[in-house]
Amino acid sequence: MPGSTLPPFPNDVRTHPLLIIDYKLIKAGDAGEVNRLWEAATTIGFWYLKNHGADQEVSDMFDMGAETMALPLEERMKFEQGDSGRSFGYKKAGANAIDATGKISVLIYKQYTDTDTGALDAVEFINVSKDDALGYPQVVHRTYPSTVNARMANTIAPFVRKGLEVTYVVLNIFNDKLGLPKGTLERLHDMEEHSGSETRCIRSPPVQVKETTKSAVLGAHTDFGSLSFLHNRLGGLQVLPPGHDEWSYIRPIPGHAVCNVGDALSLFSGGILQSNIHRVVAPPGVQAEYERWSLVFFTRPGNPKVLRALVESSHIIAEAVKKQPDRNFETGSTAEEWFARRVKYQRINNRTGPESWAASRGTEHTPTAA
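Position numbers for residues count from 1 along each chain, tracking the sequence in the order it is written. Reporting in this predicted model follows two pLDDT cut-offs: at least 70 for local features of residues, and 80 or more for side-chain atom pairs to be given and counted; totals over whole chains, interfaces and linings ignore these cut-offs and use all residues. Note that the side-chain values use all heavy atoms of the structure and ignore hydrogens as well as water.

Chemist: What should I look at first to understand the overall build of the chain in this one?
Modeler: Helix and strand counts for the chain stand at twelve helices and 16 strands. Of all 370 residues assigned to the chain, the portion counted as buried reaches 58%. Whether two residues touch is decided by their heavy atoms; if any such pair falls within 4.5 Å, the residues are in contact. Counting only contacts in the chain whose residues sit at least 6 apart along the sequence, the fraction spanning at least 24 positions is 80%. Counting every atom, the chain has about 15,100 Å² of accessible surface; 51% of that belongs to carbon and sulfur. Per the convention used, a helix needs a DSSP run of H or I reaching at least four residues, while a strand needs a run of E reaching at least two, with both numbered from the N terminus. Here the term buried applies to any residue with accessible area under 20% of the maximum for its type, exposed to any over 50%, and partly exposed to those in between, with areas from a 1.4 Å probe on protein chains only. With residues, only the protein chains shown are counted as cover, and all accessible areas are computed by Shrake-Rupley using a 1.4 Å probe.

Here's what the structure looks like:
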């Protein structure tokens with residue numbers, strides 16, 4: 001497994017504390033733990049999740065990622081996402097912009113920067129659609145490298161199912177807290193409906209220049225979908241909570257996932273659930289000298305679902321929207337359109353200027369952050 005022997009996260013960097021939520025307790029309906037989850041989701045929108053029972057699935061997925069990244073670049077590029085707004089497949093390093101400035105303040109990975117088009121990301125990853133994983137060997141959206149296919153049934157599909165299990169427990173808690181009719185949020189994320197839900201295994205190279213550990217390798221953003229189930233082996237994830245003007249690391253804790261709310265849940269809830277801005281920088285301290293691997297399952301609504309506040313279904317959401325007259329909760333966009341737009345305009349080949357970066361934004365409270 002990549003990153004099995006790594007130096008500890010340093011104690012001399014700024015971190016932001018997160019509540020640790022016990023999955024076994026929320027699954028059992030423990031009222032106190034459910035309230036703590038709700039506190040996390042409605043304040044910063046991030047929390048640690050322990051006792052999730054996915055350790056073996058996570059380890060196997062990291063092995064799949066390592067096997068895929070070991071393929072020749074020429075072979076990986078046969079399955080590249082492309083520039084049309086499709087997320088599934090391989091994404092090469094340097095394919096996406098990480099800011100709107102068109103200027104580079106610091107060079108971290110010199111091969112992934114372009115002084116004419118702006119700073120580029122330094123991460124590569126393989127995304128596998130939930131629909132392709134659960135439907136295999138039927139091809140629903142696209143084909144994948146041989147290393148993915150070899151592990152589709154015994155590695156990827158089990159991780160998808162675990163991610164969905166966690167998601168539905170959390171969604172049903174949010175459903176009750178928001179005063180929605182039973183099953184509303186789960187129906188918006190029906191497992192059988194085609195969606196943008198996907199697994200992602202990410203590799204970031206070691207930092208080449210020590211002074212550049214504060215620059216982003218994956219630009220500031222909110223997540224596109226509803227819920228993210230993230231597993232990190234090294235530091236690098238940072239958050240910029242509302243009211244803060246400095247980025248803070250999220251300390252990785254072994255055996256703990258990091259979960260966060262995305263744009264769709266924030267919109268459905270009328271802004272009650274917080275989709276917070278975050279980014280990835282090089283790991284701090286000695287960790288920066290190591291390859292960084294991370295793994296995530298993104299749950300997103302069914303493709304045709306419209307992203308808007310569910311004001312007709314909940315007086316709690318309706319009241320929340322009334323208190324925010326300056327915010328627009330009527331996107332007029334389906335989940336599929338929202339997702340494709342954000343993916344498409346991050347691609348450097350689609351960049352025409354700062355307006356392209358603006359077109360890739362979601363619900364960020366600080367849309368110019370990088």
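Chemist: When you look at the pairing of strand 2 (residues 46–50) in this model, what are you seeing that I'm missing?
Modeler: Within a regular strand, side chains alternate between the sheet's two faces. Of all the five residues making up strand 2, four are buried; the element is thus mostly covered by neighbouring parts of the structure. Following DSSP output, two strands are said to pair if at least two bridges run between them. The pairing of strand 2 with strand 12 (residues 257–261) spans four bridges and is antiparallel. Bridge assignment links Leu-49 to a residue of strand 12, and that residue is Ala-257.

Chemist: So what exactly am I meant to see when it comes to the packing of aromatic side chains here?
Modeler: Each aromatic ring pair is specified by the distance between its two centres and by the angle formed by the two planes. The pairing test for Phe, Tyr and Trp rings, Trp by its six-membered ring, is centres within 6.5 Å, and the orientation test on the planes gives stacked under 30 degrees, edge-to-face over 60, and tilted for anything in between. Under the defined criterion, the tally for this structure stands at six aromatic pairs. Judged by centre distance (6.3 Å) and plane angle (85 degrees), the rings of Trp-47 and Phe-174 are edge-to-face. Of the two residues, Trp-47 is situated in strand 2 and Phe-174 in helix 7 (residues 152–177); the sequence distance between them amounts to 127 residues. With respect to class, Trp-47 is no different from Phe-174; both count as buried. Among the aromatic residues, those joined into a cluster by ring pairs are Trp-38, Trp-47 and Phe-174. Lysine NZ or arginine CZ positioned within 6 Å of the ring centre and within 35 degrees of the ring normal marks a charge as sitting over the ring. Directly above the ring of Phe-125 sits Arg-200, whose terminal nitrogen or CZ lies 4.1 Å from the centroid. We note Arg-341 situated over the ring of Trp-338; from NZ or CZ to the ring centre the distance is 4.6 Å.

Chemist: Even after reading the chapter, I still don't get the sheet that holds strand 7 (residues 198–204), so can you show me in this structure?
Modeler: Strands in a sheet are paired, the pairing made by backbone hydrogen bonds, and the direction either parallel or antiparallel. With respect to topology, eight strands assemble into an open sheet ordered 1-2-12-9-14-7-6-3, the strand pairing being mixed. Where the open sheet ends on each side, the last strands, each with one partner, are strand 1 (20–22) and strand 3 (89–91). Taking the axes of each pair of neighbouring strands and ignoring which way they run, one obtains an average angle of 25 degrees across the sheet. Where strand 9 (residues 227–232) lies against strand 12, four bridges are found, and the strand directions are antiparallel. Bridging from a neighbouring strand, Leu-230 pairs with Val-258 of strand 12. For every element, the axis is a line fit to its C-alpha atoms; helices are fit only across the contacting stretch, and the angle between N-to-C directions ranges from 0 to 180 degrees.

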